[in-house]
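# Structural description and commentary
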Amino acid sequence: MTSRKGPRREGYDPRADRSPRRVEEDVPGVSHHEPIGLRGRLALNRMGTFDWDLDSGFMNLDGGALDVFDLRADEYDGDPLSLATRVPPDDGLRLDTALSEALQHGNPSYGAYFRIRCRDGSPRWTHSQGRILHDAEGLPYRVIGIVREASGELADSALVRSLQRERQRQTIMVQQTTTALSRALSVADVTRVLTGTGGALRFGADALVLGLVDGETFEVIAATGLTGEVPQELMNAPLDDTLPLSDTVRSRRPSFLGTRGELIARYPRLRPYTEMLPTGSAAFLPLIAQDTVIGALGLLNAEPSVQSTESRNLALALASVVAQSLQRATLFDQEREFATGLQATMLPRRVPPIPGGEVAVRYHPASVGRDIGGDWYDVVPLPQGRTGLVVGDVQGHDTHAAAVMGQLRIALRAYASEGHSPETVLVRASRFLSELETERFATCTYVQADLESGALRVARAGHLGPLICDSSRHIDWPEIRGGLPLGLATSFGHDHFPETQLFLEPGSTLLLCTDGLVEQPGRDIARGIEELSAAVRAGPGDLETLADQLADQLWASPGPEDDMALLLLHRLPGTAGDLTPRLRLHVHQADPSGAAEVRSALRRTLDQWRAGSVSHDVEVAASELIANALTHTESGALITMELLPGSPQRIRLEVEDRSSQWPRRRSPGETATSGRGLMLVEALAHRWGAEPRGSGKALWCDFVLPDTIGSVY
């Protein structure tokens, strides 16, 4: 190659339009444009050659190769093992493995990176590339190759890997942040994501501050990673340029600062709070959604740095994700506020007092969705001192379910207030729901409670039955017959809801609830019922405290996806022992409603006496005897009912009138419209008879109580 002293006038010249630095060359002859041989060219590029005779084991290294291994000529005797002073064992094994695999598989060449230890102890990356030569019989006998210094090459590769790792880290940050925020429904959920464990780290920061625009003020709603709490005067401040977040909102531009000193210099108002702020870089990003600035995000680091373009773009992308999540969450909170307000108007505003007992109610909306559903409770004052207790659930978790629930609750309350039996109340409610223009159905449990006697008449429409906890903390889930859900029962022609009679002893508690208290997705409801039983058994004696504990422990802690209604009724111990052994009532002949009132009073007393199935017989017999007295005499009737001692225990019913004419048992024909009263009395009573009573007479009849019931008294 012939060189020129002056620059070339044609072709490519890398020196053109450049001003190369003048350097004094330390390679002899090079500066004088002398020819450079092949080995000289290799040596100039930190490269040398080797020739390895496999038969003799001698490996020749030229001067360039010795330089790569940092060896002098007198330090190498041609034995490859003498290189062990420079090549660490692990790297020597790596090089030997590459050669062995090439020989085993018949590959013509091999190559490997390995480290050497230089004279001064510093490491140096090296690369060896060899060509395997074979004799006439195909056996390897010689390896010719090159070795070269590769530290700079691998340094570039390490930089590439570092950049790749950084990009991978940034991608993971975006994915984790986006995933976490996608599950956030409310503004509170968004702040929990940002300030929770690893929240600031998702943004590659050590501290984070989040605020929202509220009219002409800026309000900080979340902060994490700062030393101490944010002072109150910084939590809520006017929109001006004295604070970084509010300044970012006003300018709509991000701000990137390298150190805490730069931050304080730009915003002197922060000087009194210097110790609270990290010492490193900071980024303040506007949160823009649909071209509206809704807030700002501050990211602070402990280490000073000049943020790269990629880091800034990443921060802006994450701020955009946060802005969209906050906008969605704000709309959700507005909808939830409307929905919960609607739900509140649908539920009773107050619970009426109950003589002889106390009631506690709780309602919690679902933790997902619009936080509204069809669960409801109600406490209805009934005639003759009784109380109606209702817990139900309309299908669905939306405003339509709440609207249907409101209509159904009012209708059911109206039917109950008229004094109808539990079965009749549910039948009418089912027909009402089926006539609404909706495809929703509802489950419900209705209890007609008489705390004076402790009698409970229960009807169930596809709903969970009641729990009863007595004064000794024994838990019972009594078997309650039930019908189909309201609405479906009428549609299928099976609107029948059989009643079950229970008794609530003094000091006992009745619990009604919806399935949101005991059921969770993916879990057997039987487990929830067991947990509820255990919680009631171990719960506090105070009814309000017990209601709070059940709501907090069983419903709120798992974060359920269903709403929940809970109703607790406690019968006060003071009602114990108020047994009425005798009842006397008078029915005036001119009072058409008197007979119905007497039957109601008899029924309540019979409930108190635990008469069970005998109650119906007594009530029918009383109706017939009262009707005879009012129809066939010119006076009213005096009704007496007593609980007689002895074994077996008996109930005696007497109906006295002022007529001296004795009753006569008749045998009416098939078409007769009267004459069957005494036949019914004779069929239902254990025995019956008549006695003279001064100016009149009294008809009496006895009813034997079952031993299992009568022995209670």
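Just above sits the structure.
Residues numbered from 1 in each chain as written. Predicted model: local features only at pLDDT ≥ 70, side-chain atom pairs only at ≥ 80, totals over all residues. Heavy atoms only, no water.

### Some points on the overall build of the chain
If you tally the helices and strands in the chain, you get 18 helices and 27 strands. In the chain, which comprises 713 residues, the share counted as buried stands at 44%. When contacts within the chain are restricted to residue pairs at least 6 apart in sequence, long-range pairs at least 24 apart make up 62% of them. Of the roughly 37,300 Å² of accessible surface on the chain, 51% is carried by carbon and sulfur atoms. (Helix = DSSP H or I, 4+ residues; strand = E, 2+ residues; numbered from the N terminus. Buried < 20%, exposed > 50% of the residue type's maximum accessible area, 1.4 Å probe, protein only. Contact = heavy atoms within 4.5 Å. Areas by Shrake-Rupley, 256 points an atom, 1.4 Å probe, with all protein chains shown as cover.)

### Observations concerning unusual backbone geometry
Notably, D291 is not glycine yet its phi reads approximately 60 degrees, a positive angle. Take D291: it is sitting in the loop between β10 (282-289) and β11 (292-300). Accessibility expressed as a relative area gives 60% for D291, which makes it exposed. With a phi angle near 60 degrees, R610 is a residue other than glycine that sits in the positive phi range. Mapped onto the fold, R610 is located in the loop between α15 (594-608) and α16 (614-632).

### A short note on the pairing of strand β25 (residues 650-657)
Where burial is concerned, most of β25 is hidden: 6 out of the 8 residues are buried. One ladder, built from 7 bridges, connects strand β24 (residues 637-644) with β25; its direction is antiparallel. Among the inter-strand pairings, T640 is bridged to a residue of β25, identified as E654. From the end of β24 to the start of β25, which pair antiparallel, there are 5 residues, and G646 there has a positive phi angle of about 110 degrees. Bridge analysis of β25 against strand β27 (residues 696-704) gives 8 bridges, and the strand direction is antiparallel. What sits directly across from E654, in β27, is W700. (Pairing = 2+ DSSP bridges.)

### Regarding α15
With 15 residues, α15 ought to run about 21 Å at 1.5 Å a step, and its terminal C-alpha atoms sit 21 Å apart, in line with that. The set of residues buried in α15 consists of G594, A595, V598, S600, L602, T605, L606, D607 and Q608. Here the buried face of α15 lies against β16 (455-461), β20 (500-503), β23 (582-587), α16, β24 and β25. Immediately downstream of α15, the backbone of R610 shows phi near 60 degrees, a positive value. (Expected span 1.5 Å × (residues − 1).)

### Examining the packing of aromatic side chains
Evaluation of the coordinates by the stated rule reveals 1 aromatic pair. One residue, R652, lies across the ring of W700, its end atom 4.3 Å from the ring centre. (Phe/Tyr/Trp six-rings, centres within 6.5 Å; stacked < 30°, edge-to-face > 60°. Lys NZ or Arg CZ within 6 Å of the ring centre and 35° of its normal.)

### Considering the nonpolar core
If you look at soluble globular proteins, the nonpolar side chains tend to sit buried side by side. The biggest cluster of nonpolar side chains holds 50 residues, and the ones touching the most others in it are L389, L426, L456, L486, L510, L567 and L569. Tallying contributions element by element places helix α10 (residues 399-417) first for this core, with 8 residues. Leaving out residues up to four positions away in the same chain, L486 has contacts with L408, L426, A429, S430, L433, F441, A442, C444, A461 and F497. In terms of nonpolar packing, the next biggest core, distinct from the first, is built from 30 residues, L181, F203, L299 and L314 among them. (Core = buried A, V, L, I, M, F, W, Y, C linked by side-chain atoms within 4.5 Å.)

### A look at the environment of G78
By secondary structure assignment, the location of G78 is in the loop between α2 (63-68) and α3 (89-105). G78 sits 20 residues away from F58 along the chain, and the two C-alpha atoms are 5.3 Å apart. Contacts of G78, omitting those with residues within four sequence positions, involve G57, F58 and M59.

### Comments concerning the packing of α15 against α16
At their nearest, the axes of α15 and α16 sit 10 Å apart, and the two run at 155 degrees to each other. Taken as axis vectors, α15 and α16 run roughly antiparallel relative to one another. Note on packing geometry: the crossing formed by α15 with α16 is right-handed. Residues A595, V598, R599, L602, R603 and L606 of α15 touch α16, and the partners they reach there are S615, V618, E619, A622, S623 and I626. Split by residue class, the contact of α15 with α16 holds 7 nonpolar, 2 polar and 3 charged. (Axes fitted to C-alpha atoms, helices over the stretch in contact; angles between N-to-C directions. Parallel < 35°, antiparallel > 145°, perpendicular 65-115°, else oblique. Left-handed = near helix turned anticlockwise from the far one by under 90°. Nonpolar A, V, L, I, M, F, W, Y, C, P; charged D, E, K, R; others polar.)

### Structural notes on the packing of α10 against helix α11 (residues 422-435)
Packing of α10 against α11 brings their axes to within 9 Å, and their N-to-C directions diverge by 145 degrees. With respect to the hand of their crossing, α10 and α11 are arranged in right-handed fashion. Here V404, Q407, L408, A411, L412, Y415 and A416 of α10 lie close against α11, whose contacting residues are V425, L426, R428, A429, F432 and L433. Here the residues of the contact of α10 with α11 sort into 11 nonpolar, 1 polar and 1 charged.

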